[in-house]
Amino acid sequence: MTTTSDSAAPFRAAPASPKFPALEEQMLEFWQQNDIYKQSLERRADAPPFVFFEGPPTANGMPHPGHCLTRAIKDVFPRYKTMRGYRCERKAGWDTHGLPVEVEVGKELGIHSKEEIEAYGIEPFIQKCQQSVWRYMQQWQRLTERLGFWVDLEQAYVTYHQSYVESVWWSLKNLFDRGLLYQGHKIVWWWAQGGTALSSGEVGQGYREVADPSVYVKFPLVDDPTRSLLVWTTTPWTLPSNMYAAVHPELEYSLVKHSETGEEFFLASALVKTIADKAKCEFDVLETCRGTDLIGLRYTPPFDGYLKSTGDPTGTLRTPVGDQKTEHHYWRVVAADFVTTDSGSGIVHQAAAFGEVDYEVYDEQRRRFVDGEQPELLCAVGPDGKFNEAVPEAFLGVWVKDADKALSRDLKERGLMFLQEQYLHDYPFCWRADQDPLIQYPRRSWFIRTTKFRDLMLKNNSQIGWQPEHIRDGRFGNFLESNVDWALSRERYWGTPLPIWVCEETGRMEAVGNYDELLAKPGIQGTEVWLEAKAANPELVDDLRVHKPYIDAVTYDSPFADGKRMRRVSEVIDCWYDSGAMPFAQWGWPHTGDQQFQSQFPADFISEAIDQTRGWFYSQLAIATMLFGEGASVAEPGCDVEAMKVKDLDYPLPFRNCIVLGLMLSQWWEHEDDQKKKTILLEESETKQHSGKKFSKQVGKMSKSLRNYRSPEEIFDRYGADALRWYLFANQAPWNSIIYAEQSIKDSIPEFLLRLWNTFSFFTIYAEIDGFDPRDAVAADEQLTPQSLASAPKYRPASERSEIDRWILSELNQATAKVIDRMDALDNYNACQAISSLLDGLSNWYVRRSRDRFWASDKDSQEKHDAYWTLYETLLELVKLAAPFTPFLADTLWQRLTEPFGDKTLCSVHLCDFPEVDTDRIDTDLSDSMRLLREIASLGRAARASEKLKVRLPLSEVTVILTDDSQIAWLQNHDALVREELNVKAVHYTTEGDQYVQYTVVPNFKRLGPKVGKQVPAVKKALAEADGNELLGQLQSDGVVKLELGDGVIELDGDDIEVRLQAKEGWAAAQGLGSVVVLHTEVTPELQREGIANDLIRAIQNQRKAIDCQYTDRIRVAIDTAGDEVSTAIEEHRETIASETLADSLEIGTIDGVEAAASEHGGVFVAKGNAS
RNA sequence: GGGCGUGUAGCUCAGUUGGUUAGAGCGCGUCGCUGAUAACGACGAGGUCCCAGAUUCGAAUUCUGGCACGCCCA
């Protein structure tokens, strides 16, 4: 070959067993030192943007394998889009606020309750919180980098940063000024003894079964005190706070008469008998009605505390103008859909203060009244869980759960108790003080009126490209449909402070949009608290000045009352609001970053796991809908919306596409011994090392305490990040829940990484031997595109190269088209399938069938150059295709493949453009023909196997019978492949196979169905019964087949039917769908001897390897045989044997001092060195 | 209890608008190849497509009702 280079070989043979984790570590260092990620962005500085939002991980706790999936998916599409010519900025982000962080710090300090935190000091506590998230952020950064997730960690947005907090403040001020931020009640699970609400997670931990009372109480009607509602409740202590009695409007109710006492009750018809039985009495049904008929009936509440103190107030209803109606505030029958007849009486006591559902009923009632005349929430219990003045004196100050019995006795004495029972149910207790039952209790809370935006949110949702699609109308759509106002505030410490200041005199409020605005307020005081803290501890992060407790100290003159102060409310906000504000808050917008925000909104692509539907997906959608586009005009009456509107922003939605990932489960093998001690193994193969123990396979959630999964770090060290990534991308659609199966991660090495490496390695071995030098392509560009390589003198256009070259180039371009199509549709799974099958074709067919050209001794033959250029180009393009998926290996191979060019080529594949499809190189007919040819080869091997005729033994002929002659000409021109593959002397193709095969004609149902409809079974039957050969003959001569059916004749053309072949008995044959391959099995002595020669070649080659020959070492060979046939075979094929094995001498006999290798034809002696 | 999803080979998973022989990889078995060699190839066995019903000429695929599992909510 040509030698334009100074060095002997521009390519070095690659090591056979690469250590992928070590190669990846090297690559990480290279990327870092050369700032490849930044370079990849700079190359796209003026390109159209592809906008990606990073959903901020909570920097609390260590990252686990599930996070690897999210981060890998978040990486692959931006990488792909960058290579495709887009500018895809990737700003990292961290969610740093919230209860989980407080709990984590609490654990560290050994404290838990709010009292303990306050005793410890809010100031040191939030400092600890800030330090804690910082520590975890570093762990996450390590994982992020090692996984190859390219994202700008240096410029990450952090939710506790001042600029971020101020953006959130701006948005809250905007909502407040539009009247959309209001104070209301929220019913929470309340730990009265500890004075704090518990999160749902904490509540879930503390359920246990207890017996509670279940009582049926009489509520006498105001208009007819002889009649009562029979009302059911399981919490007698809430009766003093009764507000309504609820019925289901559609249920049937009965008015019954007690057969003994004569009292009359309303209750659900379905429960009349049940309750009569329970009370051991008889009811006579007087009349029935529907629930709606009862609505509005007034009754006397069981305890009169509120009746006395309020005087049974009324209010004006919201009705059309001029149509004034009033209604009593309390103690009426109302409608509620949740009432059932599964238990109770069908009439349910409503105490809005102590139940979320009850509260909703109350809220609905409240909204029926005009402003200022609405019912108040009745609540006879203080935050300490004890009764207040609204109850009879005997109960004042009693802990509610202790009062059930006494209250019941009181009701009995007053004749209001109808029936009393006990029932068992699960009830939550405080998880750390397990004697303390929790109660539902109302807390003042801040809400955002998201319900006003329900339709707009649905409209935005409808335009989002969800993957999978069912999220839109399923889980997410349903969630939006049942939207309730967002409970924004949290009575906690570490969070974005709610930026609302209240006048200490009038209670009037205003929102503050940023820190400077606050400082500019008249009479500002309290800022010194922060300054002093900072002076005392200069290490303090400046961002803390907008946090509790420093911000709480800041007060200013009230604009509402002379001489009075404005003080901040004490709450912080839900950290989901923080994350949902990231589209603008990540830039500090609107205070800063206008240009970035304008160009980076909305997102083209986001992805998170399905648990984020109610989390980040919602918070983003809700906030964007309220602030931007059509929603920006929504406000309470009297607000000047135009003044508050964000100018020039008319965005419909916060993100255009979202892949919703499934959850990740773990898989492990478990054994439990007699002492209940568990042994956990992560790989099935390991169970064999514990003989005698029975392991059962488990699939379930990943559990830190069970240690039922391997940490990402260990996976990286064992198999590498590419192995994990390929497993995540190529094994399943990402929205399915995925089982983290270590074996499958391991398998991605031989299935993809090693196969790619071996193909590359094959190339380098021969490129080194032959001195193939790609620098002959003098006009090669920095990306080594196929076009630019064409400048090499021995480079022939693809159209002039051999069939197999054109085939693999066609496969390459088809695969490229498929990958682009799939990746544009956010379908990584099928993109990987396309890459995988391309690699399979390259490795298992192209290389296999092109070996002889690489081995050919004529180093300068055109065929050899064709093979090199084809393989080289294909590898280069394949590596680019793989780059987004397995970035480490792809870059390693790119660097080695481009090494001869030095600085002339790009130093990283990630700076390249994604391959373009060259449609001129796609030849689908060739693909079809090659598929048929591979099928024929495969059938031939199957036939050989069934006759126990090994491939080394040559055969004279195979006959291939086809159903039609359309491919025969092509196959005949290219039968060398089949001859070599099957080791036969000749191949005959024919459609006249009556001798070997039977023809059957089967319907093509897809065409026939629409055509003949119900006659399909009859046609099928007729075809099966007819003589196939005859039908085929008809078809070939007339072009149609006529079938006699019971009710007439049907004509079928060639597309309506398919011809199938069935090999006849007695032939060494194998059948496929459209072809049968028949072997001619007679073995002549000549063929036998050629087979012997092949056997010997193999034995000698084995021996070469055994004595450590280099590829090019010459050898001496002797065969120790007494057989004439073997000797003759050696003589006949001496040339071939010698050239194949690089033997300088080939004798019958032995070689002294050399150990013989046994073979079926005698001892084989191989020695290094030439004959002399 | 409600909503959403999942159920296909021993394992991990595909399966396009319904088309009659349901696929891949791994694992297993048999064989082959041997200048990619701790690699590679072929062939084979292995399936009640969770169950029952409906629609249809035809259902893994559509519908209804179960069962099991998962997630979210109550």
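A few points on the structure.

1. Examining the overall build of chain A
- Summing up its helical and strand segments, chain A has 40 helices and 41 strands in all.
- Over its C-alpha atoms chain A spans a radius of gyration of 41 Å, topping by over 25% the 32 Å that the globule rule assigns to 1172 residues.
- If you line up chain A on its principal axes, its C-alpha atoms span 125 × 90 × 65 Å.
- Per-residue burial over chain A gives 55% buried out of 1172 residues.
- By sequence separation, contacts in chain A at least 24 residues apart represent 77% of the contacts at least 6 residues apart.
- Of the accessible surface of chain A, which amounts to about 51000 Å², a share of 46% is contributed by carbon and sulfur atoms.
- Positive and negative side-chain charges of chain A, numbering 126 and 180 respectively, have mean locations separated by a distance of 2 Å.

2. Things to note about the pattern of salt bridges
- This structure, assessed with the given rule, holds 66 salt bridges.
- Ionic pairing is found between Arg 952 and Asp 1095, a salt bridge with its closest N-O pair at 2.5 Å. Pair noted here: Arg 952 is in the loop between helix H32 (924–946) and strand E31 (955–962) and Asp 1095 is in helix H38 (residues 1085–1106), with a separation of 143 residues, a long-range link.
- On the accessibility criterion, Arg 952 (25% relative accessible area) is partly exposed.
- A salt bridge links Arg 1089 to Glu 1086, with the shortest nitrogen-to-oxygen separation between them at 4.0 Å. A residue pair is termed a helical-turn pair when its members lie 3 or 4 positions apart in one helix, as Arg 1089 and Glu 1086 do in helix H38 at three residues.
- For Arg 1089, a relative accessible area of 13% translates into the label buried.
- Each of Glu 54, Arg 71, Lys 74 and Glu 608 takes part in a single network of salt bridges with overlapping partners.

3. Some thoughts on the nonpolar core
- The biggest cluster of nonpolar side chains holds 165 residues, and the ones touching the most others in it are Leu 724, Phe 763 and Tyr 872.
- It is helix H26 (residues 742–770) that provides the largest number of residues to this core, a total of 12 residues.
- Apart from the residues within four sequence positions on either side, Phe 763 is in contact with Phe 11, Phe 772, Tyr 868, Leu 871, Tyr 872, Leu 875 and Leu 897.
- Judged by nonpolar contacts, the second largest core, of 76 residues, contains Trp 190, Met 243, Phe 303 and Trp 399.

4. Comments concerning the protein's contact with RNA strand B
- Near RNA strand B you find 55 residues, and of these Asn 736, Glu 751, Ser 938, Arg 952 and Phe 1005 are the closest.
- For RNA strand B, the backbone portion of the atoms within 4 Å of the protein, that is sugar and phosphate, comes to 64%.
- For RNA strand B, a sugar or linking oxygen lies 2.6 Å from a polar atom in the side chain of Asn 758.
- Looking at the surface near RNA strand B, the elements with two or more residues in it are helix H16 (475–481), strand E30 (738–740), H26, helix H29 (828–855), H32, helix H35 (1005–1012), helix H36 (1016–1025) and H38.

5. Brief notes about the sheet that holds strand E22 (residues 556–557)
- One open sheet holds the four strands; their spatial order is E21-E20-E23-E22, and the pairing between them is antiparallel. The sheet terminates laterally at strand E21 (509–511) and E22, the two strands that pair on one side only.

6. As for the packing of helix H25 (residues 721–730) against helix H31 (residues 887–898)
- Closest axis-to-axis distance for the H25/H31 pair is 7 Å, and the angle between their directions is 120°. Classed by the angle they form, the pair H25 and H31 counts as oblique. Only Pro 887, Phe 888 and Leu 889 of H31 make contact with H25, whose side of the interface consists of Ala 721, Asp 722 and Arg 725.
- When the residues that make up the contact of H25 with H31 are grouped by side-chain class, the tally is four nonpolar, no polar and two charged.

7. What to know about the sheet that holds strand E32 (residues 984–990)
- The sheet built from four strands is open, its strands ordered E32-E31-E38-E37 with mixed pairing. Each edge of the open sheet is held by one strand with a lone partner, namely E32 and strand E37 (1068–1071). Between one strand axis and the next, the sheet turns through 20° on average, direction left out of account.
- As paired elements, E31 and E32 share six bridges and run parallel to each other. When the bridges of E32 are listed, Ile 961 appears paired with Thr 990.

8. Observations regarding a negative patch on the surface
- Together, Asp 337, Glu 356, Glu 360 and Glu 364 line one region of the surface with negative charge.
- With respect to the element layout, Asp 337 can be found in the loop between strand E13 (332–335) and strand E14 (348–350).

9. Observations concerning H26
- With 29 residues, H26 should cover 42 Å at 1.5 Å per step; its first-to-last C-alpha distance of 41 Å lies within 8% of that length.
- At the exit of H26 stands Gly 771, carrying a positive phi of roughly 65°.

10. Quick look at the packing of aromatic side chains
- Summed over the entire model, instances satisfying the criterion amount to 62 aromatic pairs.
- In this structure, Arg 414 is placed above the aromatic ring of Phe 303, and the distance from its NZ or CZ to the ring centre is 4.9 Å.

11. As for unusual backbone geometry
- Each neighbour pair has its own omega, and for Gln 467 with Pro 468 the value is 0°, a cis peptide bond.
- Of note, Pro 468 is situated in the loop between strand E17 (465–467) and helix H15 (470–473).
- With an omega of -5°, the peptide bond running from Lys 548 to Pro 549 counts as cis.
- Positive phi values are uncommon outside glycine, yet Asp 35 reaches one of about 50°.
- Assignment of secondary structure puts Asp 35 in the loop between helix H1 (20–34) and helix H2 (36–42).
- For Asp 35, a relative accessible area of 39% translates into the label partly exposed.

Rules behind the numbers
Residues numbered from 1 in each chain as written. Chains lettered and ligands numbered in written order. Predicted model: local features only at pLDDT ≥ 70, side-chain atom pairs only at ≥ 80, totals over all residues. Heavy atoms only, no water. Helix = DSSP H or I, 4+ residues; strand = E, 2+ residues; numbered from the N terminus. Rg over C-alpha atoms; globule rule 2.2 N^0.38 Å. Buried < 20%, exposed > 50% of the residue type's maximum accessible area, 1.4 Å probe, protein only. Contact = heavy atoms within 4.5 Å. Areas by Shrake-Rupley, 256 points an atom, 1.4 Å probe, with all protein chains shown as cover. Lys, Arg positive; Asp, Glu negative; His and termini not counted. Charge placed at Lys NZ, Arg CZ, Asp CG, Glu CD. Salt bridge = Lys/Arg side-chain N within 4 Å of Asp/Glu carboxyl O. Core = buried A, V, L, I, M, F, W, Y, C linked by side-chain atoms within 4.5 Å. Near = heavy atom within 4 Å. Polar contact = N/O pair within 3.5 Å; in protein donor to acceptor, adjacent residues only side chain to side chain. Pairing = 2+ DSSP bridges. Axes fitted to C-alpha atoms, helices over the stretch in contact; angles between N-to-C directions. Parallel < 35°, antiparallel > 145°, perpendicular 65-115°, else oblique. Nonpolar A, V, L, I, M, F, W, Y, C, P; charged D, E, K, R; others polar. Patch = residues over 30% accessible without salt bridge, like charges linked within 9 Å, V, L, I, M, F, W, Y side chains within 5 Å. Expected span 1.5 Å × (residues − 1). Phe/Tyr/Trp six-rings, centres within 6.5 Å; stacked < 30°, edge-to-face > 60°. Lys NZ or Arg CZ within 6 Å of the ring centre and 35° of its normal.

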